[in-house]
Amino acid sequence: MTPEEKKAFEDELYTYVGKAIYSAPRKGYDDVNTAMIRQWSEVMGDKNPAYNDSEWAAKSQRGHTIAPPAMMYAWTQEGYKVASEGRPADGQVEMVQFFDRHGFSGSLGTNVDQEYFVEAKPGDSIFEESIIDSISEQKSTARGIGYFFETYAKFTNQDGVLIGTQRFRVFKFIPPVEAATAPAQDGALEVPTRAVSPRGQDNKWWWDACDEGKILIQRCQNCQTLRHPPRPMCGECQSTEWDSIESTLDGEVYSFVEMHHPKFPGYQYPLVVAVIDLAEGTRIIANVVGCEVKDIHIGMKIKGKVEQVDPKTMLPQFYPVAGSAA
Ligand SMILES: [Zn+2]
């Protein structure tokens with residue numbers, strides 16, 4: 001996608017914001033009923049007597065059973081018919097097809113938020129009205145490049161009373177395989193980067209040093225035992241006092257795999273992931289590069305170099321030591 005194509009795509013995409021998903025409020029196929037409530041409760045392991053124990057419920061303040069509020073969306077779902085016959089065309093289907101036609105064929109439901117206002121009870125009819133509420137700007141995530149869209153649904157009963165609302169968030173993205181085979185175009189889509197390293201209180205120091213080209217190994221200050229990956233306490237003596245030494249990155253292949261599937265954005269294939277015995281005595285997981293996969297073997301001597309592997313990421317990459325690749 002060139003910048004011009006991206007603009008044209010987004011100009012059309014954002015016209016879907018505010019569109020109704022159904023032309024009229026959609027009525028649930030079945031009214032609220034005890035059979036569906038019982039099955040749902042069994043699957044969810046929810047033993048609340050307010051849902052299924054009619055004797056108990058008759059003596060309760062309500063005087064009758066109710067549907068679990070979280071079932072709200074279940075009443076208006078199409079069910080298994082969709083699997084065999086496809087989902088009937090609606091505003092959301094049209095938008096999803098528009099995404100698919102432009103390569104954003106991956107779908108990932110990311111969030112559901114529901115709010116409940118009024119209880120539903122057996123015999124009630126449930127109606128759903130939904131719109132496409134928002135579409136994000138283009139995002140680059142570990143899954144790939146894409147857009148988040150959010151639908152907003154209102155659920156009412158036969159008296160037109162609002163019983164609850166739901167926001168549903170979906171990420172539509174270019175799946176990595178398609179991204180990998182898409183023709184490269186300068187200045188077009190942003191190159192996918194690898195997943196950002198999670199930096200917490202116990203490991204941020206390690207990644208910060210890696211950013212500066214150094215691979216550190218944590219060392220217990222009490223008993224001098226080395227440990228990796230970083231963690232707050234020594235496994236030998238339980239001391240929380242530690243410092244670190246810098247690894248020479250001299251190592252040996254302890255074990256390795258060639259990753260084929262799924263293909264993640266931001267990686268070069270073939271991709272070899274190895275468990276490496278470092279000369280210092282700890283192990284590290286990293287990629288072995290710079291040779292044919294068939295030449296890599298257990299026990300092979302390798303040497304690491306901290307390199308920039310994508311615009312945001314520094315990582316050690318291990319190369320065969322001359323004469324070691326068989
Ligand atoms: Zn120790």
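What counts and how
Per chain, residue numbering runs from 1 following the sequence as it is written. It should be noted that, the model being predicted, local features are given only for residues of pLDDT at least 70 and side-chain atom pairs only at 80 or more, the latter also being counted only at that level, while totals for whole chains, interfaces and linings use all residues. Strand pairing follows a simple DSSP-based rule, namely that at least 2 bridges must link the two strands. Here a helix means four or more residues in a row that DSSP labels H or I, a strand means two or more in a row labelled E, and each is numbered from the N terminus. Each domain's limits were defined by an automated method or a database of domain assignments. In this usage, the nonpolar core is the set of buried Ala, Val, Leu, Ile, Met, Phe, Trp, Tyr and Cys residues whose C-beta atoms join them within 7 Å. Counting other C-beta atoms within 10 Å of its own, a residue is labelled buried from 20 upward, exposed at 12 or fewer, and partly exposed in the gap between, with every C-beta atom placed from the backbone. Our contact criterion uses C-beta atoms placed from the backbone: two residues qualify when those atoms are within 7 Å. Looking at any residue, its pLDDT shows the predictor's confidence there, from 0 to 100. An axis is simply a line fitted to the C-alpha atoms; with a helix, the fit covers only the stretch in contact. Between two such axes, the angle follows the N-to-C directions and lies from 0 to 180 degrees.

**Structural notes on the sheet that holds strand S8 (residues 226–227)**
Stage number 1. Pairing is antiparallel across the open sheet formed by three strands, whose spatial order is S8-S7-S9. Both edges of this open sheet fall to S8 and strand S9 (242–246), since each of them pairs with a single strand only.
Stage number 2. Relative to S9, strand S7 (residues 216–220) runs antiparallel, the two being bridged by five bridges. Along S9, the bridge assignment pairs Cys-220 with Trp-242.

**A closer look at the domain arrangement of the chain**
Stage number 1. Parsing the chain into structural domains produces domain 1 (3–32 + 67–181) and domain 2 (204–320).
Stage number 2. Between the C-alpha centres of domain 1 and domain 2 there is a distance of 43 Å.

**Describing the nonpolar core**
Stage number 1. Of all hydrophobic cores here, the largest spans 11 residues; its members are Val-253, Ala-274, Ile-276, Leu-278, Ile-284, Ala-286, Val-288, Ile-296, Met-300, Ile-302 and Phe-318.
Stage number 2. Put simply, the parts of the chain that give this core at least two residues each are strand S11 (271–278) and strand S12 (283–288).
Stage number 3. Setting aside chain neighbours within four positions, we find Phe-318 in contact with Gly-251, Ala-274, Ile-276, Ala-286, Asn-287, Val-288, Ile-302, Lys-303 and Gly-304.

**Concerning the pairing of strand S3 (residues 126–135)**
Stage number 1. Of the strand pairs in this sheet, strand S1 (residues 26–27) and S3 are connected by two bridges, and their pairing is antiparallel. Residue pairing across strands places Lys-27 opposite Phe-127, the latter belonging to S3.
Stage number 2. Sheet analysis places S3 next to strand S5 (residues 144–157), joined by nine bridges and oriented antiparallel. Note on S5: the bridge partner recorded for Ile-131 is Tyr-152.

**A look at the environment of Ile-245**
Stage number 1. Turning to its location among the elements, Ile-245 is positioned in strand S9.
Stage number 2. For the pair Ile-245 and Asp-113, spaced 132 residues apart in sequence, the C-alpha separation works out to 47 Å.
Stage number 3. Residues contacting Ile-245, with those up to four places away along its chain left out, are Leu-216, Ile-217, Arg-219 and Glu-280.

**Concerning the confidence of the model for the chain**
Stage number 1. Per-residue confidence for the chain averages 90 on the pLDDT scale, and 94% of its residues sit at or above 70.
Stage number 2. Contacts of residues 181–189 to residues separated by more than four positions or lying in other chains number eight contacts, the stretch itself having pLDDT below 50.

**Things to note about the sheet that holds strand S10 (residues 250–259)**
Stage number 1. Spatial strand order, S10-S11-S12-S14-S13: five strands in a closed barrel with mixed pairing. Strand-to-strand, the axes of this sheet are offset by a mean angle of 45°, without reference to chain direction.
Stage number 2. Sheet topology places S10 next to S11; eight bridges connect them, and they run antiparallel. Bridge pairing in S11 links Val-257 to Val-273.

**Describing unusual backbone geometry**
Stage number 1. Along the chain, His-228 connects to Pro-229 via a cis peptide bond; the corresponding omega equals 0°.
Stage number 2. In this fold, Pro-229 is placed in the loop between S8 and S9.
Stage number 3. In this chain, Tyr-269 is followed by Pro-270 through a cis amide linkage whose omega measures 5°.
Stage number 4. Its location among the elements puts Pro-270 in the loop between S10 and S11.
Stage number 5. A positive phi is found at Gln-224, a non-glycine position, where the angle reads about 70°.

**A closer look at the environment of Leu-278**
Stage number 1. Note on placement: Leu-278 falls in strand S11.
Stage number 2. For the pair Leu-278 and Glu-252, spaced 26 residues apart in sequence, the C-alpha to C-alpha distance is 6.6 Å.
Stage number 3. When sequence neighbours within four positions are dropped, the list of residues in contact with Leu-278 reads Ser-247, Gly-251, Arg-283 and Ile-284.

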